[in-house]
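An overview of the molecular structure
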Amino acid sequence: MFQKKLSVAALALCAVASNSSIAAEAQDGFKVDLDLRTFYMNRDWKGDNDTEAAGQAFKLNVASPYFGGMIGFDATITQVVELSDSKTLKSSDVLDEDGDGYTAVENLYVKFKPLDNVNLRAGRMVMMTPLLNDLQSRLSAPSTQAVYGDIALDSLNLYAFYSDEASKNNSQDFSDYSAGGEDYGIASIGGGYTFGNGVKAQVQYAVADDYKKQSFFNVTYPTKLSDYDVTLDAIHMRGENDGNLLADYDSNLTSLTARFAKGAMAYTVNYQTVGGDDGYNMQWGGQDDSQFFTYGAVQLLDFNANDIQALQFRVDYDVPALPGLHLMARHTQAWDIDTGSVTDGKRRETNFDAKYTVQSGKAKDLSVQLRVAHVDGDSIPRINDVRLILDYPVNLL
């Protein structure tokens, strides 16, 4: 049955690749396009059953013009169809909690542009900030219900938002942020500044009354070292409880990265550590599934445990003989982990990625990606994770 369904998905892919008329810019400035994604995951838990799932996503994106130059709307609706599911107690999050397909509303908001450099949105949206975000790692993205605004002033950009509900990536429903039987909202302000020498700085502060508050600081410095393009990046995060809804919580995370790129090769070294009394938990409760914006957070592990120290080595290679083929290998080794029962725990994760993107022709921008991860260590299960992802957006007319 799985092979039959996968064959249907492959035929659909061929049809889309040969006909770019599925996506078009309609009259009156409306923009409509369709993104298609096929996703397969096989996760092997040592000593337990495998979790295997595959699905096909059809994502419809609609963006209106600004009527009167000021107001419009955007919508993104994703339909996920089950191709295969071998569900265990450990969900893959590829399909819904029952191992079936689902419909997700990722974006549905009103947009308002009172000035050329001011944007306001209200409704359900895919949020993308360091302390509250909806990164897509499966077939559909999580979503946030919020009021959001940003302003651009030359090299300075500022934003603020208030959110009261969220939805997981594989959920059809939104729910309140809640803890201890109480609901709460999240308020945040942040921004970034780019200096004349290319240095970029980002700051964000977010608070959920009586629950948690977090701060994010980031500085990125591009420079040259002989023939290498060098990027130095430093991130510091701090989180603590803000009242009675969260037990005593105090943690901070620091991530330091150096990336050296020359021609088709790039080499990255990252060191990440967590201090304070607890491991760093950046999620806000309810269905929020915010992810770390750090190099230290990889395919399966975030390396955010209490007292952890982690060192990562990564190599990227764009294959000259086959333009569009990108290879990546990465290993992260962690030590000094305090889990209560273990005070010098060790964990490790190794990743291999291969992604090919078609560079021209009717199938331009179609991509195929293979992701492999192996995880082992103290107080965690041994996991082998394999993912195959096909993305095929349709070019606009």
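What follows covers the overall build of the chain. Looking only at helices and strands, one finds 1 helix and 21 strands in the chain. Its C-alpha atoms give the chain a radius of gyration of 22 Å, near enough to 21 Å, the size a compact globule of 397 residues would have. Each principal axis of the C-alpha distribution contributes one length, and for the chain these read about 60 × 55 × 50 Å. By residue count, 41% of the 397 residues in the chain fall in the buried class. For the chain, the proportion of contacts with a sequence separation of at least 24, taken over those separated by at least 6, is 57%. A total of about 19000 Å² of accessible surface is found on the chain, and carbon and sulfur atoms cover 55% of it.

Inspection of the secondary structure puts Asp288 in the loop between β16 (265–276) and β17 (309–318). By relative accessible area, which is 6% here, Asp288 ends up buried. C-alpha separation for the pair Asp288 and Glu165, spaced 123 residues apart in sequence, amounts to 8.3 Å. Not counting residues within four places of it along the chain, the set of residues in contact with Asp288 comprises Leu132, Ala166, Tyr177 and Gln283. Here Trp284 takes part through its backbone nitrogen, which lies 2.9 Å from a polar atom of the side chain of Asp288.

Bringing the nonpolar core into the picture now. The nonpolar side chains of a soluble globular protein tend to be buried with one another. Counting 40 residues, the largest nonpolar core has Ile186, Met237 and Tyr280 as its most contacted members. Of all elements in the fold, only β7 (143–153), β8 (156–167), β9 (175–179), β12 (200–208), β14 (228–241) and β18 (325–337) reach the threshold of two or more residues within this core. Top contributing element to this core by residue count: β8, with 3 residues. Residues Met41, Val80, Leu95 and Leu139 belong to the second largest nonpolar core, which totals 11 residues.

Moving on: the pairing of strand β2 (residues 31–45). Relative to strand β3 (residues 51–63), β2 is paired through 13 bridges, and the arrangement is antiparallel. When the bridges of β3 are listed, Phe39 appears paired with Gly55. As defined by bridge partners, β2 adjoins strand β21 (residues 383–393) across 11 bridges and the pair is classed as antiparallel. From the neighbouring strand, Asn42 faces β21, where its bridge partner is Val386.

The next subject is a negative patch on the surface. Where like charges cluster on the molecular surface, the negative patch consists of Asp164, Asp176, Glu182, Asp183, Asp209 and Asp210. Inspection of the secondary structure puts Asp209 in the loop between β12 and β13 (212–225). What makes Asp209 exposed here is its relative accessible area of 54%.

Evaluation of the coordinates by the stated rule reveals 15 salt bridges. One salt-bridge network, held together by shared partners, links Arg43, Asp385 and Arg387.

What follows covers the side chain of Ser188. Mapped onto the elements, Ser188 comes out in strand β11 (residues 186–194). When its relative accessible area of 6% is taken as the criterion, Ser188 is described as buried. A distance of 2.9 Å separates a polar side-chain atom of Ser188 from the backbone oxygen of Tyr205. Those residues in contact with Ser188 that lie beyond four places of it in its chain are Tyr159, Ala160, Phe161, Gln204, Tyr205 and Ala206.

Within the chain, Asp154 stands out as a residue other than glycine whose phi angle is a positive 50°. In this structure, Asp154 sits in the loop between β7 and β8.

The next thing to look at is the confidence of the model for the chain. The predicted coordinates of low-pLDDT regions are not to be read in fine detail. Looking at the chain, pLDDT values average 90 and 90% of them are 70 or higher. Below pLDDT 50 for its whole length, residues 1–27 participates in 39 contacts with residues either more than four positions away or in separate chains.

As defined by bridge partners, β3 adjoins strand β4 (residues 71–86) across 12 bridges and the pair is classed as antiparallel. Bridged to Ala53 within β4 is Asp85. Where β4 lies against strand β5 (residues 102–115), 10 bridges are found, and the strand directions are antiparallel. Of the residues in β5, the one forming a bridge with Ala75 is Leu108.

Attention now moves to a nonpolar patch on the surface. Together, Phe67, Met70, Ile71, Phe73, Val110, Phe112 and Leu120 make up an exposed nonpolar region whose accessible area comes to about 560 Å². Here Leu120 shows up in strand β6 (residues 118–125). The exposure class of Leu120 is partly exposed, given its relative accessible area of 35%.

This brings us to the packing of aromatic side chains. This model, assessed by the stated rule, comprises 7 aromatic pairs. Residues Tyr148 and Tyr159 carry aromatic rings whose centres are separated by 6.3 Å and whose planes lie at 20° to one another, so their mutual orientation is stacked. Placement of the pair is Tyr148 in strand β7 and Tyr159 in strand β8, with a sequence separation of 11 residues. Summarising the burial analysis for this pair, Tyr148 and Tyr159 share the class buried. Between Tyr177 and Tyr184 the ring centres are 6.4 Å apart and the planes differ by 20°, which places this aromatic pair in the stacked class. Here the aromatic residues Phe30, Phe67 and Phe73 are joined through ring pairs into a cluster of three or more. The side chain of Arg124 reaches across the aromatic face of Phe174, ending 3.8 Å from its centre.

What follows concerns the environment of Asn241. In this structure, Asn241 sits in strand β14. On the basis of relative accessibility, which here comes to 22%, the residue Asn241 falls in the partly exposed class.

Turning our attention to the side chain of Thr268. Position of Thr268 relative to the elements: it lies in strand β16. With residues near it in sequence (within four places) discarded, Thr268 still touches Thr257, Ala258, Arg259, Tyr295, Gln312, Phe313 and Arg314.

Rules of the game
Here the residue index of a chain counts from 1 through its sequence in written order. Under the rules for a predicted model, residues below a pLDDT of 70 receive no local features and side-chain atom pairs below 80 are neither given nor counted, while totals for whole chains, interfaces and linings still include all residues. Values reported for side chains reflect all heavy atoms of the structure, with hydrogen atoms and water molecules removed beforehand. Secondary structure elements follow DSSP: runs of H or I no shorter than four residues count as helices, runs of E no shorter than two count as strands, and numbering proceeds from the N terminus. Every radius of gyration here is taken over C-alpha atoms, with the globule rule written as 2.2 Å times N^0.38, N being the number of residues. Exposure classes here rest on a 1.4 Å probe applied to the protein chains alone. A residue is buried below 20% of its type maximum, exposed above 50%, and partly exposed in between. By definition in these notes, contact holds between two residues if any of their heavy atoms fall within 4.5 Å. Values of accessible area rely on a 1.4 Å probe in the Shrake-Rupley scheme; residue burial ignores everything except the protein chains shown. Throughout this description, a polar contact denotes any pair of N or O atoms lying within 3.5 Å of each other; where both atoms belong to protein, one of them has to be capable of donating a hydrogen while the other can accept it, and for residues adjacent in sequence the pair is counted only when both atoms sit in side chains. Grouping buried Ala, Val, Leu, Ile, Met, Phe, Trp, Tyr and Cys residues that are joined through side-chain atoms within 4.5 Å yields what is termed a nonpolar core. A pair of strands is labelled paired if DSSP reports no fewer than 2 bridges between them. Only residues whose relative accessible area exceeds 30% and that take part in no salt bridge are eligible for patches, with like-charged residues grouped when within 9 Å of each other and nonpolar side chains (Val, Leu, Ile, Met, Phe, Trp, Tyr) grouped when within 5 Å. The term salt bridge refers to a side-chain nitrogen of Lys or Arg lying within 4 Å of a carboxyl oxygen of Asp or Glu. The convention is simple: Lys and Arg are positive, Asp and Glu are negative, and His and the chain ends are not counted. Where a charge sits is defined by one atom per residue type, namely NZ (Lys), CZ (Arg), CG (Asp) or CD (Glu). Confidence of the prediction at every residue is given by pLDDT, a number between 0 and 100. Between the rings of Phe, Tyr and Trp (Trp by its six-membered ring), a pair exists once the centres lie within 6.5 Å; its type follows the angle of the planes, with under 30 degrees stacked, over 60 edge-to-face, and the other angles tilted. Two thresholds decide whether a charge sits over a ring: the Lys NZ or Arg CZ must be within 6 Å of the ring centre and within 35 degrees of the ring normal.

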